[in-house]
Amino acid sequence: FKLPIIAMQSIIKTLLFLVTINLWLAYSQCNWPDSTEESFQWEGETRYFCHRGTKNESLTGPYGLFIMYHGCNGNRNNNHGGTKSDWVKIADYHGWVLATGEALDATQEVGGKCWDGGKDLTYAIEMHSRLLNLYDIDESRLFANGWSSGGFFLNGNVGPLHSDLFVSVATTGWTSKNVKVRTPNDWNYLMIFGTNDSTGGTYGNTILGEGGDIPVITQLAQYNNCTKADDPDIETIDTDNTKRTVQHFTFGDCKNADFEFFGVEGMGHGNPTTNNDNIDTVTIQSEFFLRTSAPGDMLVLFKVICLEIFCVIKRFCVSIMCFGPSY
């Protein structure tokens, strides 16, 4: 009976080896559809990022650029919120180059691959520069989003010193009690935050202020010199395909940059998409980017207008009866 046991052990070892190799490949190589991986030496470290050009053959350059920053314990392949298919469809439809970076392991004391303001900041600037050299980019359409640590990195590290890198930025699952001193005034900003998210702050502090603190969204609106910073317009969104109440805050005309906030009932430290009973934050972010940018060619401008019309119609009809771009 020894031979079958030895053979079984050999088979198990082979399977474990193959599983390990597959896991390593999934983690270490770009697995976004039709993507390319870039690596370069930077400040004594090998750094990576993924990128993919738009597959929309009806569009020619220059293209928009959309860079995504993952949350803690993520990498260039995951932890961005939303699904790959959602982000890829959006990028292809609008003619955006999609890119994802990766933080160093150096900040393990705060949970693994989290972004920081040291080597990660200079790496992010270098990645941005390399992407501009790789593609024909319309610099009026430079977008970024960050989930959790990625959002904190954009607002706390990139924005104060390098807000010229982007035109519009969106974050989910990130806030703080005092953001005034580290909020850029040179990019348009969208924040999405859930009532049950207590990571980095609380919903009550974000909306109402707690312990005498100025509400986070008020700080942001004041910093951008918005005309309705202290008395925003609030639209309650509760449609057939949205099972949770969503409040959309707008703050009037803002001298420095536009600022909007979406508060989501019952949402925790996540980033809901069309696949669950929350709201489609992927579409909300893309629509914000379109509203706050100045497209560099007439075809893209035409598509922006068409999308805005579609969004209005979508709110007044059942989703299965609507016609328009499929997200």
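Residues numbered from 1 in each chain as written. Predicted model: local features only at pLDDT ≥ 70, side-chain atom pairs only at ≥ 80, totals over all residues. Heavy atoms only, no water.

In this section: the packing of helix α2 (residues 84-94) against helix α7 (residues 281-291). Between α2 and α7, the least distance of the axes is 10 Å, while the angle of their chain directions is 25 degrees. It follows that α2 is roughly parallel to α7 by the angle criterion. When you trace α2 past α7, the crossing you get is right-handed. Together, Asp-86, Trp-87, Ile-90 and His-94 of α2 and Val-282, Gln-285, Ser-286 and Leu-290 of α7 make up the contact between the two elements. (Axes fitted to C-alpha atoms, helices over the stretch in contact; angles between N-to-C directions. Helix = DSSP H or I, 4+ residues; strand = E, 2+ residues; numbered from the N terminus. Parallel < 35°, antiparallel > 145°, perpendicular 65-115°, else oblique. Left-handed = near helix turned anticlockwise from the far one by under 90°. Contact = heavy atoms within 4.5 Å.)

By the criterion of burial, strand β7 (residues 188-194) is predominantly enclosed, with seven of the seven residues buried. Across the two faces of β7 the burial is the same, with Asn-188, Leu-190, Ile-192 and Gly-194 and Tyr-189, Met-191 and Phe-193 all buried. Direction of pairing for strand β6 (residues 168-172) relative to β7: parallel, over a ladder of five bridges. Bridge pairing links Thr-172 to Ile-192 in β7. As defined by bridge partners, β7 adjoins strand β10 (residues 259-264) across six bridges and the pair is classed as parallel. Paired with Leu-190 across the strands is Glu-260, a residue of β10. (Buried < 20%, exposed > 50% of the residue type's maximum accessible area, 1.4 Å probe, protein only. Pairing = 2+ DSSP bridges.)

As a further point, take the state of the cysteines. Going through the model one piece at a time under the given rule, you end up with three disulfides. The residue that forms a disulfide with Cys-72 is Cys-114, at a sulfur-sulfur distance of 1.8 Å. Looking down the S-S bond of the Cys-72 and Cys-114 bridge, the torsion is 130 degrees, so its handedness is right-handed. Of this pair, Cys-72 sits in the loop between β3 (63-69) and α2 while Cys-114 is found in the loop between β4 (96-101) and α3 (119-134), placing the two residues 42 residues apart along the sequence. Residue class for Cys-72 comes out partly exposed when judged on its relative accessible area of 25%. For Cys-114, a relative accessible area of 3% translates into the label buried. With its sulfur 2.0 Å from that of its partner, Cys-226 forms a disulfide with Cys-254. Taking the sign of the torsion about the S-S bond as the criterion, the disulfide between Cys-226 and Cys-254, at about 105 degrees, is right-handed. (Disulfide = S-S within 2.5 Å.)

On to the sheet that holds β4, then. Strand order in this open sheet of ten strands is β1-β2-β4-β3-β5-β6-β7-β10-β9-β8, and the pairing throughout is mixed. Because the sheet does not close on itself, it has two edges, and the strands there are β1 (36-42) and β8 (233-237). Ignoring strand direction, the axes of neighbouring strands in this sheet form an average angle of 20 degrees. Judged from the five bridges that link them, β3 and β4 form a sheet pairing that is parallel. Across the sheet, Gly-64 pairs through a bridge with Trp-96, a residue of β4. Sitting on the sheet, α2 touches β2 (45-52), β3, β4 and β5 (137-147), and the angle it makes with β4 is about 145 degrees. Contacts from α3 reach β1, β2, β3, β4 and β5, with the element oriented near 40 degrees to β2.

Before going further, it helps to spend a moment on the pairing of β1. Note: β1 against β2, seven bridges, orientation antiparallel. Across the sheet, Phe-40 pairs through a bridge with Arg-47, a residue of β2. In sequence, β1 turns back onto β2 through a hairpin of two residues, with Glu-43 there showing a positive phi of about 50 degrees.

With the rule as written, the count across this model stands at 21 aromatic pairs. Consider the rings of Phe-40 and Phe-49, whose centres lie 6.2 Å apart with planes at 65 degrees: the pair is edge-to-face. With respect to burial, Phe-40 and Phe-49 carry one shared label: buried. On the numbers, 4.9 Å between centres and 25 degrees between planes, the contact of Trp-115 with Phe-153 is stacked. (Phe/Tyr/Trp six-rings, centres within 6.5 Å; stacked < 30°, edge-to-face > 60°.)

Let us look at the nonpolar core. Residues Tyr-69, Phe-166, Phe-259 and Phe-261 are the most contacted members of the largest nonpolar core, which totals 41 residues. The element best represented in this core is α3, accounting for five residues. Discounting residues that sit within four places of it in the chain, Tyr-69 has contacts with His-80, Trp-115, Ala-124, Met-127, Ala-144, Asn-145, Gly-146, Trp-147, Gly-150, Phe-153, Leu-154 and Phe-166. By size, the runner-up hydrophobic cluster in this structure holds 25 residues, among which are Trp-87, Val-246, Phe-288 and Leu-290. (Core = buried A, V, L, I, M, F, W, Y, C linked by side-chain atoms within 4.5 Å.)

Within this structure, the stated rule accounts for ten salt bridges. A salt bridge links Glu-102 to Arg-76, with the shortest nitrogen-to-oxygen separation between them at 2.5 Å. Taken as a pair, Glu-102 in the loop between β4 and α3 and Arg-76 in the loop between β3 and α2 lie far apart in primary sequence, 26 residues in all. Given a relative accessible area of 2%, Arg-76 falls into the buried group. Counted as one network, the salt bridges with shared partners bring together Asp-34, Arg-52 and Asp-92. (Salt bridge = Lys/Arg side-chain N within 4 Å of Asp/Glu carboxyl O.)

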